[in-house]
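Structural description and commentary
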Amino acid sequence: MRYIEAHPRRVRGEAIHMTAAEKRASEISSIGAADMEPDIQVRIRTPANRDGNYEMISMEAKRQAIEEAYLTPEVKHFIKTPEVIEIETRMKLWLQAGYPVHLIGPTGCGKTSLAAHVAHEMGRPVVWINGDEAVTTNDLIGGYSQMQSESVRDNYIHNVFKSKDVTKMEWVDNPLTLACKYGYTLIYNEFSRTKPAANNILLSVFEEGILELPTKFGEDRYVKVHPDFNAIFTSNSVEYAGIHRPQDALLDRMVGIYTDYYGCETEARIVEEHSGISQEKAERIVSVVRAIREKLPDAQKPGTRACIMIATGMRALNGHGNINFEQLCTDVIANKTSSPADMVAKKKLIQDCMTQLAQLA
Ligand SMILES: Nc1ncnc2c1ncn2[C@@H]1O[C@H](COP(=O)(O)OP(=O)(O)OP(=O)(O)O)[C@@H](O)[C@H]1O
Ligand SMILES: [Mg+2]
């Protein structure tokens, strides 16, 4: 029996009153359409299009625009001395050989800056995640985090009310999935702070080159890792004993590069670059901080960041005669002080270091 259309009706563009065969055909064609990423209309501002008018661009072009705008980091004030170049070269060699690189080092020695710089030099967009106790596998891979709901209310015949609510879950990729799919460079900062179970997902990425998305089904469950994918991890050597020890299986699949505090010359160049003070002053600050560093326990050692802070403070407070160099050093070093007795000991340490350096000069 053939169905004869009595009311050639369309509700929101969709034909109603279809035979089973027509319905199946329309479903098949809508699946095909969903697979193809359609062109979308977005506003893009280019030199040729100053008004930012709407233009039709493909999804691929949209992704490229996002990569250029948001995923290409600019590393400002990065200093390259022979020792920085040496580590940078080693990192690049290992990444080009296809291994993830793990930078391990004490607080404030320059791990994150180096990771960002090398990632930038790899020439691919960069995605970023910070390790933390609360990070879960979903924070790495993504999840069904957006809901699209659609309601159809049909009251075509006055005494028949038909209503249909459809809620669709939409999958959103997080940094690891983006990096594996599109060949980005992933920076996983302080990754050892994350619970090891959440990082298990990385094992198959490095071993089999497959990212398995546990909450997806069928062929969508597996993402083949893109050949341009790179990963740089950082972790703090001082925290290693305290927080989650990253599982050995994961560490076995990475190359470990230990980065200690840079030498005097590099640290002074970094301080000069960040604060704009003279070379002579930068060298003085660095030598005082390095002398203090030698005397304090690992967890309290001031890093390069402390040198930059003292130098920036010195510049900003120039002319305020009542704050001298010793006080500046004390204020910056005191950020990890636990008691008045500890403070007194630190003040004494700073004075001793300064006297010792003055005698040497
Ligand atoms: N090569 C470099 N060129 C310029 N600045 C640098 C360089 N290396 C480190 N720095 C500066 O030194 C400071 C500390 O560096 P960074 O934050 O990278 O250290 P970190 O080891 O990641 O520290 P944390 O352990 O606290 O995370 C930052 O202000 C950074 O800008
Ligand atoms: Mg860091």
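None of these values were measured; they are calculated from a predicted model.

With that settled, consider the packing of aromatic side chains. As enumerated under the stated definition, the model contains eight aromatic pairs in all. The interplanar angle of 70° and the centroid separation of 5.0 Å between the aromatic rings of Phe191 and Phe233 together place this pair among those described as edge-to-face. With Phe191 in the loop between β9 (185-189) and α7 (196-199) and Phe233 in strand β12 (residues 230-236), this residue pair connects regions lying 42 residues apart in the sequence. In this pair, the class of Phe191 matches that of Phe233, namely buried. Each member of the aromatic cluster is reached from another via a ring pair, and the members are Tyr188, Phe191, Phe206, Phe229 and Phe233.

At a closest axis distance of 9 Å, the pairing of helix α10 (residues 264-275) and helix α12 (residues 304-316) adopts a crossing angle of 40°. As far as their axial angle goes, α12 and α10 are oblique. For the element pair α10 and α12, the recorded crossing hand is right-handed. Mapping the contact onto sequence places Glu267, Ile270, Val271, His274 and Ser275 in α10 and Thr304, Cys307, Ile308, Ala311, Thr312 and Arg315 in α12.

Another point: unusual backbone geometry. With phi around 60°, His77 is a residue other than glycine that occupies positive phi space. Note that His77 resides in the loop between α2 (59-70) and α3 (82-96).

Turning next to α3. Taking 1.5 Å of rise per residue, 15 residues should cover 21 Å, and α3 covers 21 Å from first to last C-alpha, within 8% of that figure. Along α3, the residues that are buried comprise Val84, Ile87, Glu88, Met91 and Leu95. The arc that holds every buried residue of α3, seen down its axis, measures 100°, which confines them to one face. Those residues of α3 that are exposed and aimed more than 90 degrees away from the buried face are Pro82, Leu93 and Gln96. At its buried positions, α3 is contacted by β5 (101-105), α4 (111-121), β12, β13 (255-258) and α10. Positive backbone phi, approximately 95°, marks Gly98, located one or two places after α3.

Here we take up the nonpolar core. Core analysis: the biggest nonpolar cluster contains 46 residues, and Met91, Val271, Ile285, Ile292, Ile310 and Phe325 have the highest contact counts within it. Looking at this core, the element that brings in the most residues is helix α11 (residues 279-295), giving seven residues. When residues are assigned to domains, this core turns out to be shared by domain 1 (65-137 + 173-258) and domain 2 (264-360), each giving three or more. Setting aside chain neighbours within four positions, we find Phe325 in contact with Arg284, Ile285, Val288, Ile310, Met314 and Met354. One finds Leu71, Trp171, Cys180 and Val225 within the second-largest nonpolar core, a separate group that totals 28 residues.

Attention now moves to the environment of Asp252. Following the sequence through the fold, Asp252 ends up in the loop between α9 (248-251) and β13. Judged by relative accessible area, Asp252 falls into the exposed class, the value being 63%. Taking the C-alpha atoms as reference points, Asp252 and Leu203, separated by 49 residues in sequence, lie 9.8 Å from one another.

Bringing the environment of His244 into the picture now. Assignment of secondary structure puts His244 in the loop between β12 and α9. Residue His244 is classed as partly exposed on the basis of its relative accessible area of 22%. In this structure, the C-alpha to C-alpha distance between His244 and Lys195, residues 49 residues apart in sequence, is 6.1 Å. Discounting chain neighbours no more than four positions away, the residues touching His244 are Glu133, Ser192, Arg193, Thr194, Lys195 and Pro196.

Calculation notes
- Residues numbered from 1 in each chain as written.
- Chains lettered and ligands numbered in written order.
- Predicted model: local features only at pLDDT ≥ 70, side-chain atom pairs only at ≥ 80, totals over all residues.
- Heavy atoms only, no water.
- Phe/Tyr/Trp six-rings, centres within 6.5 Å; stacked < 30°, edge-to-face > 60°.
- Helix = DSSP H or I, 4+ residues; strand = E, 2+ residues; numbered from the N terminus.
- Buried < 20%, exposed > 50% of the residue type's maximum accessible area, 1.4 Å probe, protein only.
- Axes fitted to C-alpha atoms, helices over the stretch in contact; angles between N-to-C directions.
- Parallel < 35°, antiparallel > 145°, perpendicular 65-115°, else oblique.
- Left-handed = near helix turned anticlockwise from the far one by under 90°.
- Contact = heavy atoms within 4.5 Å.
- Expected span 1.5 Å × (residues − 1).
- Arc of directions from axis to C-beta.
- Core = buried A, V, L, I, M, F, W, Y, C linked by side-chain atoms within 4.5 Å.
- Domains from an automatic or database assignment.

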